Each structure stands twice: as structure tokens, then as C-alpha cells.
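Here are the chains, one letter per residue:
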Amino acid sequence: GAAVVILALCKLGLVGPSTWAFSTTLNATLAGIVSVCAGVDVFSPLGAIISGACACLVYLLFRFLVLYVKVDDPLDAVAVHLGGGLWGLISYPLFARDGIVYGVNGQSIAQLWHNVVGAIIIMVWSAICSVILFGILRVTGYLRVSEEQELEGLDIAMHNEPAYPAKGWTQAHSLQTVDQQTYQKQGSYTLNQSHLSARPTLAFDNMALELDNRQRQR
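Just so it is clear, the model here is predicted, and its values are computed rather than measured.

Caption draft 1: Region of interest: unusual backbone geometry. At Lys 70, a residue that is not glycine, the phi angle is positive and equals roughly 60°. The topology assignment puts Lys 70 in the loop between α3 (45–68) and α4 (77–95). Unlike most non-glycine residues, Asp 76 shows phi in positive territory, near 55°. Structurally, the position occupied by Asp 76 is in the loop between α3 and α4. On the accessibility criterion, Asp 76 (6% relative accessible area) is buried.

Caption draft 2: Summary view of the packing of helix α2 (residues 22–37) against α3. Relative to each other, α2 and α3 sit at 125°, their axes nearing to 8 Å. Taken together, the axes of α2 and α3 are oblique relative to one another. When you trace α2 past α3, the crossing you get is right-handed. Two secondary-structure elements touch here, α2 through Thr 24, Asn 27, Ala 28, Ala 31, Gly 32, Ser 35 and Val 36 and α3 through Ala 48, Ser 51, Gly 52, Ala 55, Cys 56, Tyr 59 and Arg 63. Class assignment for the residues of the contact of α2 with α3 results in 7 nonpolar, 6 polar and 1 charged.

Caption draft 3: Examining the UniProt feature "transmembrane region" (unreviewed entry) in the protein chain more closely. Residues annotated in UniProt with the feature "transmembrane region" (unreviewed entry) correspond here to residues 45–66, 78–96 and 116–137. Along residues 78–96, the helical share is 95% and the strand share 0%, with 25 Å between the first and last C-alpha atoms. The annotated region residues 116–137 carries 100% helix and 0% strand content, and the separation between its end C-alpha atoms amounts to 31 Å.

Caption draft 4: Highlighting α2. The end-to-end C-alpha separation of α2 is 23 Å, in line with the 22 Å expected for 16 residues at 1.5 Å each. Those residues of α2 that fall on the buried side of the exposure criterion are Thr 24, Thr 25, Asn 27, Ala 28, Ala 31, Gly 32, Ser 35 and Val 36. The secondary structure elements touched by the buried residues of α2 are α1 (2–12), α3 and α4.

What counts and how
- Residue numbers restart at each chain and count upward from 1, following the sequence in its written direction.
- Reporting in this predicted model follows two pLDDT cut-offs: at least 70 for local features of residues, and 80 or more for side-chain atom pairs to be given and counted; totals over whole chains, interfaces and linings ignore these cut-offs and use all residues.
- Hydrogens are left out, water is left out, and the side-chain values use all remaining heavy atoms of the structure.
- Under the scheme used here, helices are H or I runs from DSSP no shorter than 4 residues and strands are E runs no shorter than 2 residues, and both carry numbers assigned from the N terminus.
- Burial here depends on accessible area, computed with a 1.4 Å probe over protein chains only, as a share of the maximum for the residue type. Under 20% is buried, over 50% is exposed, and the range in between is partly exposed.
- Note on method: axes are straight lines fitted to C-alpha atoms, helices fitted across the in-contact stretch only, with angles between N-to-C directions ranging 0 to 180 degrees.
- Reported orientations rely on four angle classes, namely roughly parallel under 35 degrees, roughly antiparallel over 145, roughly perpendicular from 65 to 115, and oblique for the rest.
- Crossings are sorted by hand: turned counterclockwise from the far helix by less than a right angle, the near helix makes the crossing left-handed, and turned clockwise it makes it right-handed.
- In what follows, residue pairs with any heavy atoms lying within 4.5 Å of each other are defined as contacts.
- Each residue gets one of three labels, nonpolar for Ala, Val, Leu, Ile, Met, Phe, Trp, Tyr, Cys and Pro, charged for Asp, Glu, Lys and Arg, and polar for the others, Gly among them.
- UniProt positions are given in the numbering used here, feature names are shortened, and annotations may be inferred rather than shown by experiment.
- Any helix carries an expected span of 1.5 Å times its number of residues minus one.

Structure (C-alpha cells):
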């Protein structure tokens, strides 16, 4: 359901240029799959399709909100898992074979209430644990790597090898030069000032989306 909806929206140009957006289609489909997991044992085929189709819209809403608040989420993990998972908890009592859309009954209404309360408790618990954990990491200086390591790439800084070929990295990020010979001799890249100045400043909202748009404009 989610795949059909996102393909139609892409074709109509309602989520950007009227072309097939590969990453957006995959993530919207994943959100649909996530949403169906909650009621996989009670959904009818039609109920699963409708739930997945609605999950696509929920995914797009969360994706917009993440971009709006300028959170760097290049994988759209929040939209896929939080959006899809939250909708899954709500859709379970709605589209189950004995759910609310097939006939209002006390059991399905109680299930909807329990799921909403459960979702709120999970989010509050996760928020508290995250504040404590990441607060400790921030105070101790382990929350963020250095800006130089971010620009160089953590695959190089942490694993001492590039995740992508040097040529592909240069094209994607508009770096003018990468010292390949230095890497072959020493086993690591050196990041000099020319690399930093050559790399364009990307918007903080979504670097993956920014790069995808640049590829389309070429």
C-alpha cells in the first residue's frame, strides 16, 4: 500500500519533482512495513494495504517535521521507525478483523486506548533515558567527534579506510583533491585546508536529500 501511494505521489509531483525518487520510495515502503508489524497476525490483506498506504502519508508528515526543525536525519530513520511504528500502534485496533472500522466495540476501543497510552509511555521513557545518556556523553566530551573527523568521514577516522572510492567521494562532495597516494603509503587520508575549503556547505536539514537534488539538477 505504501509503495503504491508514494509512487503515485512522486508521479504527480506532490513530494518533489515528478520523477521517481528512489530513497523516498524505499523509506515510505519501509514505513508501511513497520506499521503492519503491529497487527500482522490480525490484519486482513485489505486492512494491511490500507494501513500501509496511510503509513506512507504519516512518513511524509514526519519527514517534513524533521526537516522543519532542522534535525540531521539523512536516513529518515525518525520518519520510518517513529512515524511508521506510532501509526502501527494506532492502526492495529482500527484495521484488525474485529477492529473499529469493521464495527465499533468495547474491546477495540480499549485496545486503541491502551496502545496510545503505551506509545506515550515509550516515548517519555526513551526521552528520559536519552537525555541522561547523551547528557553524560556531552559533559564528558564523547557526544560529538571533531569537525575535521566529520568532514573527513568516520569510516576513515574510526576504521582507517574509506567506505567509498576516492573518485566517487570527490564527485559526491565536490572535493577537488583527495590524496590517494598518501592513503596507499600510510594507510590513512590526510585532510588539508584545501579539502575543507573545497567542500560546499550543505544545509543542516538533510544532507542526503541535498545531494540527491544536486544529482538530479546535473
